[in-house]
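Structure assessment
Each chain, written out:
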Protein chains: 4
Amino acid sequence: MNAIKQEGKKSKLQVFDQLESEVRTYCRSFKTVFAKGSNAKLVDRDNREYIDFFAGAGALNYGHNNKRIRSKLVEYLLQDGITHSLDMATEAKEKFLLTFQNTILEPRGMKYKVMFPGPTGTNSVESALKIARKVTGRTNVVCFTNAFHGMSLGSLAATGNAYKRGGSGVPLTGTTFMPYDGYLGPLVDTTSLLEKMILDSGSGLDLPAAVILETLQGEGGLNGASDKWLRNLERICREHGILLIVDDVQMGCGRTGTFFSFEKSGIRPDIVCLSKSIGGYGLPMAITLLRPEHDIWNPGEHNGTFRGNNLGFVAATEALHYWSNDELEKQIDAHAKTISAFLNRMASRYSGKISEIRGKGLIQGLVFKNPEEASKLCGVCFDKGLIMETSGPSDEVAKLMPPLTIEASVLKEGLNKLEAALQQLFAPAKPGELLQTKSS
Amino acid sequence: MNAIKQEGKKSKLQVFDQLESEVRTYCRSFKTVFAKGSNAKLVDRDNREYIDFFAGAGALNYGHNNKRIRSKLVEYLLQDGITHSLDMATEAKEKFLLTFQNTILEPRGMKYKVMFPGPTGTNSVESALKIARKVTGRTNVVCFTNAFHGMSLGSLAATGNAYKRGGSGVPLTGTTFMPYDGYLGPLVDTTSLLEKMILDSGSGLDLPAAVILETLQGEGGLNGASDKWLRNLERICREHGILLIVDDVQMGCGRTGTFFSFEKSGIRPDIVCLSKSIGGYGLPMAITLLRPEHDIWNPGEHNGTFRGNNLGFVAATEALHYWSNDELEKQIDAHAKTISAFLNRMASRYSGKISEIRGKGLIQGLVFKNPEEASKLCGVCFDKGLIMETSGPSDEVAKLMPPLTIEASVLKEGLNKLEAALQQLFAPAKPGELLQTKSS
Amino acid sequence: MNAIKQEGKKSKLQVFDQLESEVRTYCRSFKTVFAKGSNAKLVDRDNREYIDFFAGAGALNYGHNNKRIRSKLVEYLLQDGITHSLDMATEAKEKFLLTFQNTILEPRGMKYKVMFPGPTGTNSVESALKIARKVTGRTNVVCFTNAFHGMSLGSLAATGNAYKRGGSGVPLTGTTFMPYDGYLGPLVDTTSLLEKMILDSGSGLDLPAAVILETLQGEGGLNGASDKWLRNLERICREHGILLIVDDVQMGCGRTGTFFSFEKSGIRPDIVCLSKSIGGYGLPMAITLLRPEHDIWNPGEHNGTFRGNNLGFVAATEALHYWSNDELEKQIDAHAKTISAFLNRMASRYSGKISEIRGKGLIQGLVFKNPEEASKLCGVCFDKGLIMETSGPSDEVAKLMPPLTIEASVLKEGLNKLEAALQQLFAPAKPGELLQTKSS
Amino acid sequence: MNAIKQEGKKSKLQVFDQLESEVRTYCRSFKTVFAKGSNAKLVDRDNREYIDFFAGAGALNYGHNNKRIRSKLVEYLLQDGITHSLDMATEAKEKFLLTFQNTILEPRGMKYKVMFPGPTGTNSVESALKIARKVTGRTNVVCFTNAFHGMSLGSLAATGNAYKRGGSGVPLTGTTFMPYDGYLGPLVDTTSLLEKMILDSGSGLDLPAAVILETLQGEGGLNGASDKWLRNLERICREHGILLIVDDVQMGCGRTGTFFSFEKSGIRPDIVCLSKSIGGYGLPMAITLLRPEHDIWNPGEHNGTFRGNNLGFVAATEALHYWSNDELEKQIDAHAKTISAFLNRMASRYSGKISEIRGKGLIQGLVFKNPEEASKLCGVCFDKGLIMETSGPSDEVAKLMPPLTIEASVLKEGLNKLEAALQQLFAPAKPGELLQTKSS
């Protein structure tokens, strides 16, 4: 392979095609080289602009290059602040811990110890599974149909997607899948199956150490759990000494309207996993929240080189100020209503194509009767300058998840693009135009 | 728990003691709050200065807040460069890919596809194990005594440390441990046991998908593999269709004297894991190098939110310029000789205490006959303003791993502190001095 | 421990108490030393007679010391017939193979190869799981709540009972439990959950190699699967290339009224496990039936020392003659009706105590609202000279499973004892008698 | 498939070829249908006589149809003795327990509880692994290269043979293989590797619950452990609270010269597995011996339908009388010397072909430099009326294991046949003889 030069290449993505692994995926859908970003807008190398309804899969709740946060980062860099510290104590980490305590936990009456498990969601989930097994002395963990918890072996065992699971090359053990809320239709409370199998000593369900769940399954197709179902689940856990883990990696940090996705339900998990937007600026960071009585780790029993990403702490601290009053929550709510109203209009306009609207807050989506049309729609959107992705086991849901900080006008602009894309896809042309197309 | 205020606290680390999980560890050895860093020096909140012989466990090969790299980061931030991109194509990523190809792979005659598996070493190892299992259709992976490969479940199964393994709470499967080079004494080439068990269809060793190893075991006690042993291992792998994985997370990026730790041995691994210092500035980043014929991933079969940490790409690209000529290599070599000479002097001075010198390049250490004395030494060093850590299964090795970019004078200063610490520990004072001490 | 002598011991079971492991169980319920047996009657050392409604847990369908079979055994022994042959060819084995083919398979239009997997049910199940995994190249096996398949590690993983599972001391892997027919009430066809999870690529259910089930769960509490449910299950298996395994170890050989328990349902399993009464005389023997297209074993890939128990073959061959006409089937049917009628009478008499009658053919039972009363009942029965056992996850079912060959008069006698035991337990005495009892 | 009739079939083994699974193996080597047996002689359907140097793979230590035992069996059958009893108490079982205590355990100063785990060796091994894991609360079990412990999933995980392991279709977990005595040459005591890995907390060896071994590996190629090695192993186990399990299924009951194979070494295992010849007459039976302090089973925590095979108890009881004096031991010793002398002669005569003699007592064998010649030899032997089998990972050992009760004259006759077979194989004929053979 000769040295590759940027000049004269045939494809925009030639460098990636030649040098990067076949595992790459989003760059196959969004075929351009991005250069800059600002809140909900991206610009590619050719100065084409895009509205971002994907938000880094939930890692960019505060938008691209949030200016408030950036000024703190630059300031910190220029004053020689510690960047990488493993789990040594630093001023930046101390500030984060205090701000998180005072802005998030204390006002919500929550008591959790904060663990830094490494900078990714899957690190957090791995740490949660470990401590749950240590606390209970048991190994089995109940997870749910269409769950997504990560790609390292422990988290992957709790992830439902067959394609991702198959990538492991080994049987995945230590977990039991149960039907998520709504899996057996609206009339069945699926916690009853779990409870029956726990109570029945002949059921084959090994008494779990923990139950892990997302309150709304982002990758799994925007399936949401009702507050009642969550409370039933919590009750079952309490009655049997099972730890309740909420993986709020994607749904936390305001995505569903409140900082934690489970606030309105009233449940109080034993362990909460946060990552993605906790780092504020798209910087790798994760924390695991543990009820103090479960914090029985020995020092260093779990560790990781990048658990002290201080740029993340600096950005996270600044981002938490969004939660010092209710302005952001109100804005999310307003945006969410705009999106809901829009999606309802689209769903009734294309009722033959769209079966359902799912999600809440700033993660909502359209479920297509023919899954392929969700992907096609996202392709058309991209051509129109709108970035959207699918989710669900058959990629049947077209998902809207803009930054929480998106301007109302940009949101509107994005929805207009989406409306146009739907129009193009499902009502592409009048007879005369069709004729024209054929003859061209 | 009431809101904690920074004022009036009794301990320097009160905030951490109260709010952070018990799993924290290094802050228990280095009991201060760090504030700033510059190349090999750290400064704490009280303006006390420390020389850093730990270098972020190998993540800071180019020092703290490397100025060349920092200016690129600040520039990138201020121009609204994309920070977080999943695996979409960005200009920053393209530059990294090209620079890595042109500066590292091409000059060494290496052909590898670059995979971005998520930003940590354990992400890279997990991806390596997955693809090795996929390529071969087999599940077992041979690893070695005292190996360290990470904390997520797949990597942990290949990690020797009983304490870390115990943290998993489940039996760890899919791996077989074999004795590392030197484990059975200098006369036994331990690859012969591996080879015998592979050839013997009754040995109980399931034919492995891969062998994974560090060429020098950083966490395991600075045990090094000889070039001959490495070549034997490669030969065995080739003869039996087993993939050879080098985990160069800690030993790569120049730590042992060359960019890859295995360059001088002549082996050509099938898969190479890089993280820690690949991110240049202590920023979370990892890559997995795959021989093109093994790059049979399907798109998205392994993924991760932070595999597109563009600040990491920017920093990494700039850091790679250190490898465009041989200046850094020469400096590493010079520093390494300084350290070797120093350690040899110490080992002969305290021959009753020190059993051995281990390591090479800028990772060398003293092995103590009484393991506790290694920890005590590091404690005394910290009091004198030198940061050093232990390694090995009994923490019996006191380890020197300064930034590669450390100034000769600072290196000398650090060694002086170490010499003084040894003096204090083993020949603390003459009778008169003792008296003096007592009376003070 | 001094040599123990039979004379002068204090307890009937002193030898067992002192020399046998604590794992012993039935001898704790039936506290006597049995000496002789004849069809459905047992006699203990003290010449006390018992009617046997337990039939060796289904291994004695043709009664104790069946005279037709015994004469063949004695004849074979006296003529120096081969007793133990591994899997060498013997005349006795050839006769068994031919008789099984001509008496059982051929008349039912069944085509199966016969495998001798070792002499126990769990050997047969282990072999079935192995070949199913080999045929499909997959590992997961679906089994059902309250299933019992055996005590060796592979079979135990498919067994629901928490107490038995806990005995393994390791996490049991490779299986997924689904709700058995009726588990979610009479209105839910539980195959729909299985089908949904198979069709949903995000369900977390790894596509199974096989489904294994008992058509009526003997140990699990006499839960029976309807023919419709079985046919649905078979259809799902066929549609997804999943092998269907019926474990007919306890329910086969006529227990439910036909030779195979599934005959009336019309399903045609890929693999059938037989043991217990296949050996005719209570002799250890098991066979695994494989559809010819699945018989892809390599020679000796599964083996076992006692897979050639020729006394078993001799006894089995003679026992199969019971199936050369429909006399036995008619007798089972008549006995089954007698039992059903009796149990219905009891259930209505003690409707406050008995919640349900379960089972069919010559395995039927009473379900007690208070599980402890099932055990108490069996204790009272034993005192009255009737041997009965409980089953179910809470031992809540008192089970009747006499030899198929029981004489009508002995069956009647046994039912009378059971009626008396129920009377004693639930309506123990009239006021006058109570007074009498108290004063005694 | 039409009903098959015995008449007119083309192959002796047609019935087996058509009706029995492809897994059958010994009938492929010994292509005839056996009819009768008496001590060390077998007769086939065509009245051809064979000398048996295989003894049911060690299940027929007292020969075929041992007359002393048979008369007890027939007597028991005719008096309506209980045949099948699960684990109820019977007179036959009581007699066995007392006889085993008084004849075997008491005279050797051994204190063990007797467990009946089901009637096969693998049942016994499964029970041993379970109780060891329960006693220690640990999961890992150390086993050895070329070990054979059984075919059910738990035992198979401790079996070295790749072909057998592959049959499982799943990764086998919970065991670690270490080199057996002699595996690294005569100069290395391989227990030192085990000890080093146990002592080294970084070795990756999870502290085992138990070590399981055969003192002489019958299936693995007649590798024997020295008494010193066994004592070292026992010492290591004691020092680390690891249970020592001897699988004496094949080597027990006198095969190596003493009742237990380990008697001369002086070790005292925590658990001993016995099967094969414990049943006396080739009848399925197994026991697990447990030190009383380890007998912490709960009732029924392990069970099995055929753990009460009373014909086995009757035969076993009678067989134990062979151990009430030292006659049998003396006879074994004499036969063993005859065999050793013979094999030494052969090994020096064919020193270019035979590399080694292995084994002791009445299990000895010739190791062939070219493994195929071991199989060829057994084929030639069969043609000459001698039944012998190979063992070892490459089937490179031709194994002699006649019944212990073989008459001296029959042993001599067998050795003559073997000598002739070697002659035919390696020095088949001079030219003149060849001519003669051709013309005959």
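Before reading further, recall that the structure is shown in the block above.
Residues numbered from 1 in each chain as written. Chains lettered and ligands numbered in written order. Predicted model: local features only at pLDDT ≥ 70, side-chain atom pairs only at ≥ 80, totals over all residues. Heavy atoms only, no water.

Side note on the overall build of chain A
- Counting its secondary structure elements, chain A contains 15 helices and 18 strands.
- In terms of overall size, chain A behaves like a compact globule, its C-alpha atoms giving a radius of gyration of 23 Å where 440 residues would be expected to give roughly 22 Å.
- With respect to the three principal axes, the spread of C-alpha positions in chain A is 70 × 60 × 50 Å.
- The buried share of chain A, reckoned over its 440 residues, is 66%.
- Across chain A, 52 positive and 48 negative side-chain charges occur, with their mean positions spaced 4 Å apart. (Helix = DSSP H or I, 4+ residues; strand = E, 2+ residues; numbered from the N terminus. Rg over C-alpha atoms; globule rule 2.2 N^0.38 Å. Buried < 20%, exposed > 50% of the residue type's maximum accessible area, 1.4 Å probe, protein only. Lys, Arg positive; Asp, Glu negative; His and termini not counted. Charge placed at Lys NZ, Arg CZ, Asp CG, Glu CD.)

Regarding the environment of M178 of chain C
All names here are of chain C.
- Topologically, M178 is positioned in strand β7 (residues 175-178).
- Taking the C-alpha atoms as reference, M178 lies 6.9 Å from L194; in sequence the two are 16 residues apart.
- Residues within four places of M178 in sequence aside, it is in contact with V142, C143, F144, T145, L193, L194 and M197. (Contact = heavy atoms within 4.5 Å.)

Thoughts on the sheet that holds strand β15 (residues 363-368) of chain B
Residues and elements named next belong to chain B.
- The strand order across the open sheet formed by 4 strands is β14-β15-β18-β17, and the pairing between neighbours is antiparallel. The sheet is open, and its two borders are formed by β14 (354-360) and β17 (389-391), each paired with just one other strand. Geometrically, the sheet is characterised by an average inter-axis angle of 30° between neighbouring strands, direction not taken into account. (Pairing = 2+ DSSP bridges. Axes fitted to C-alpha atoms, helices over the stretch in contact; angles between N-to-C directions.)

Details of the sheet that holds strand β17 (residues 389-391) of chain D
Residue and element names in this part refer to chain D.
- Spatially, 4 strands are ordered β14-β15-β18-β17 in an open sheet, and the strand pairing comes out antiparallel. Strands with a single pairing partner mark the edges of an open sheet, and in this sheet they are β14 (354-360) and β17. With direction set aside, neighbouring strand axes in the sheet form an average angle of 30°.
- Looking at chain direction, strand β15 (residues 363-368) and strand β18 (residues 397-400) are connected through 4 bridges and run antiparallel. Within the sheet, the bridge partner assigned to L366 lies in β18 and is A398.

Quick word on the interface of chain A and chain B
- At the junction of the two partners, chain A supplies 111 residues and chain B supplies 111 residues.
- Summed over both partners, the interface of chain A with chain B comes to about 10000 Å²; 60% of that surface belongs to carbon and sulfur atoms.
- For the pair chain A and chain B, the number of links is 10 salt bridges.
- The salt bridge partner of E22 of chain B is K113 of chain A, with a shortest N-O separation of 3.4 Å.
- Summed over the shared surface of chain A and chain B, the number is 52 residue pairs in polar contact (both at pLDDT 80 or more). (Buried area = accessible area lost by both parts, 1.4 Å probe. Salt bridge = Lys/Arg side-chain N within 4 Å of Asp/Glu carboxyl O. Polar contact = N/O pair within 3.5 Å; in protein donor to acceptor, adjacent residues only side chain to side chain.)

Here's the deal with the pairing of strand β8 (residues 210-213) of chain D
Residue and element names in this part refer to chain D.
- The side-chain alternation of β8 yields two buried faces, one formed by A210 and I212 and the other by V211 and L213.
- Where β8 meets strand β11 (residues 243-247), 4 bridges bridge the pair, whose relative direction is parallel. Counterpart to A210 in the pairing with β11 is L243.

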